[in-house]
2 protein chains.
Amino acid sequence: MVKEFMNLAIREALIAYKKNEVPVGAVIVDENNNVISKAHNLVETYNNPTFHAEVLAIDRALKTTGRRYLNNCSIWVTLEPCVMCSGYILQSRLNYLYFGLEDKKRGSVENGVKVFHSEYIKTDLEIFFGFQEKRIKRIMQNFFFSIRK
Amino acid sequence: MVKEFMNLAIREALIAYKKNEVPVGAVIVDENNNVISKAHNLVETYNNPTFHAEVLAIDRALKTTGRRYLNNCSIWVTLEPCVMCSGYILQSRLNYLYFGLEDKKRGSVENGVKVFHSEYIKTDLEIFFGFQEKRIKRIMQNFFFSIRK
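This section reports on the structure supplied with the text. (Residues numbered from 1 in each chain as written. Chains lettered and ligands numbered in written order. Predicted model: local features only at pLDDT ≥ 70, side-chain atom pairs only at ≥ 80, totals over all residues. Heavy atoms only, no water.)

### A look at a positive patch on the surface
Consideration 1: A cluster of basic side chains, namely Arg93(A), Lys122(A), Lys105(B) and Arg106(B), defines a positive patch on the protein surface.
Consideration 2: Within the secondary structure, Arg106(B) is located in the loop between β4 (96–101) and β5 (126–129).
Consideration 3: Judged by relative accessible area, Arg106(B) falls into the exposed class, the value being 58%. (Patch = residues over 30% accessible without salt bridge, like charges linked within 9 Å, V, L, I, M, F, W, Y side chains within 5 Å. Areas by Shrake-Rupley, 256 points an atom, 1.4 Å probe, with all protein chains shown as cover. Salt bridge = Lys/Arg side-chain N within 4 Å of Asp/Glu carboxyl O. Lys, Arg positive; Asp, Glu negative; His and termini not counted. Charge placed at Lys NZ, Arg CZ, Asp CG, Glu CD. Helix = DSSP H or I, 4+ residues; strand = E, 2+ residues; numbered from the N terminus. Buried < 20%, exposed > 50% of the residue type's maximum accessible area, 1.4 Å probe, protein only.)

### Some thoughts on the packing of helix α3 (residues 53–65) of chain A against helix α4 (residues 83–92) of chain A
All names here are of chain A.
Consideration 1: Here α3 crosses α4 at 20 degrees, and the two axes come no closer than 9 Å. Between α3 and α4, the crossing angle belongs to the class labelled roughly parallel. Like other packed secondary-structure pairs, α3 and α4 cross with a definite hand, here left-handed. Between α3 and α4, the residues in contact are Glu54, Val55, Ile58 and Asp59 and Met84, Cys85, Tyr88, Ile89 and Ser92, respectively.
Consideration 2: Broken down by class, the residue content of the contact of α3 with α4 amounts to six nonpolar, one polar and two charged. (Axes fitted to C-alpha atoms, helices over the stretch in contact; angles between N-to-C directions. Parallel < 35°, antiparallel > 145°, perpendicular 65-115°, else oblique. Left-handed = near helix turned anticlockwise from the far one by under 90°. Contact = heavy atoms within 4.5 Å. Nonpolar A, V, L, I, M, F, W, Y, C, P; charged D, E, K, R; others polar.)

### A look at the side chain of Glu80(A)
Residues and elements named next belong to chain A.
Consideration 1: Relative to the helices and strands, glutamate 80 is located in the loop between β3 (74–79) and α4.
Consideration 2: Look at glutamate 80: it is buried, it has no salt bridge, and the nearest opposite charge is lysine 104 at 6.9 Å.
Consideration 3: Polar side-chain contacts of glutamate 80 include one of 3.0 Å to the backbone nitrogen of valine 109.
Consideration 4: Separated by 2.7 Å, the side chain of glutamate 80 and the backbone nitrogen of glutamate 110 make a polar contact. (Polar contact = N/O pair within 3.5 Å; in protein donor to acceptor, adjacent residues only side chain to side chain.)

### What about the packing of aromatic side chains?
Consideration 1: If you walk through the whole model with that rule in mind, you get 17 aromatic pairs over all chains.
Consideration 2: For the pair Phe5(B) and Trp76(B), a centre-to-centre distance of 5.1 Å together with 55 degrees between the ring planes defines the contact as tilted. Separated by 71 residues along the polypeptide, Phe5(B) in helix α1 (residues 2–18) and Trp76(B) in strand β3 (residues 74–79) bring together distant segments of the chain.
Consideration 3: Classification of Trp76(B) by relative accessible area gives buried; the value is 3%.
Consideration 4: One aromatic cluster is present, built from ring pairs that chain together Phe5(A), Trp76(A), Tyr98(A), Phe128(A) and Phe131(A).
Consideration 5: The ring of Tyr69(A) is capped by Arg93(A), whose NZ or CZ atom sits 3.7 Å from the centre of that ring. (Phe/Tyr/Trp six-rings, centres within 6.5 Å; stacked < 30°, edge-to-face > 60°. Lys NZ or Arg CZ within 6 Å of the ring centre and 35° of its normal.)

So this is what it looks like as structure tokens:
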């Protein structure tokens, strides 16, 4: 199951890659294991620095399901979320976060600000990470290498 | 000037109040002191827990100006931003944040996670706060008292 949903997130990342977007993908799954939204980074396409995969996936999940909160749902992201996306996850009350690769620079879950581990943040979020790291790292490296050429 | 822009943000908060939304308002001003966007909390109206005043004001400012980033612009908010909104401010590269009242519970600028004061966050944001606190506090208290009745 873990592999299946992370594969879907990676597929989204690869769609972003083809659009010359930083290749990050996200998928949201409900309590019945149904995929309720998929999204990839669209910062360049919409010229909007907040259009990260997680933000778009959460907005889509809320819109398509009509739910007020995403309790009991899980989000699967290829890369560790930043502060903004961590805040989005918090606000939407997702219960499970699975991310593939750590982002030592801008990640804010297990690195940096560590939003969900802060004593000031009330959350029931369960966090799992370290899935298909080699594959995701290769995709990221290829992308940044190719745009540098 | 400070008073004028904060008044506009308070006016937005009062519009939210009339819609039975938690009364928070935000205004974004560009380098020429032109107001480029105004917004208020719309969480209830759109049944979306991420529709905070700051998020909507930033999205509007980006959309209407066509700018990629909001460098040299300022955001004026009645209440201290939460983690999500702090992340939004960070991503949009706003240079100045003015907020009226501290939010000891969910605020993440001068309270809680203190996003911009973290050693892990790279930012040029200048922060100013404590404007019309009594007035804003009264509006918030009236709102929460009225919905409790």
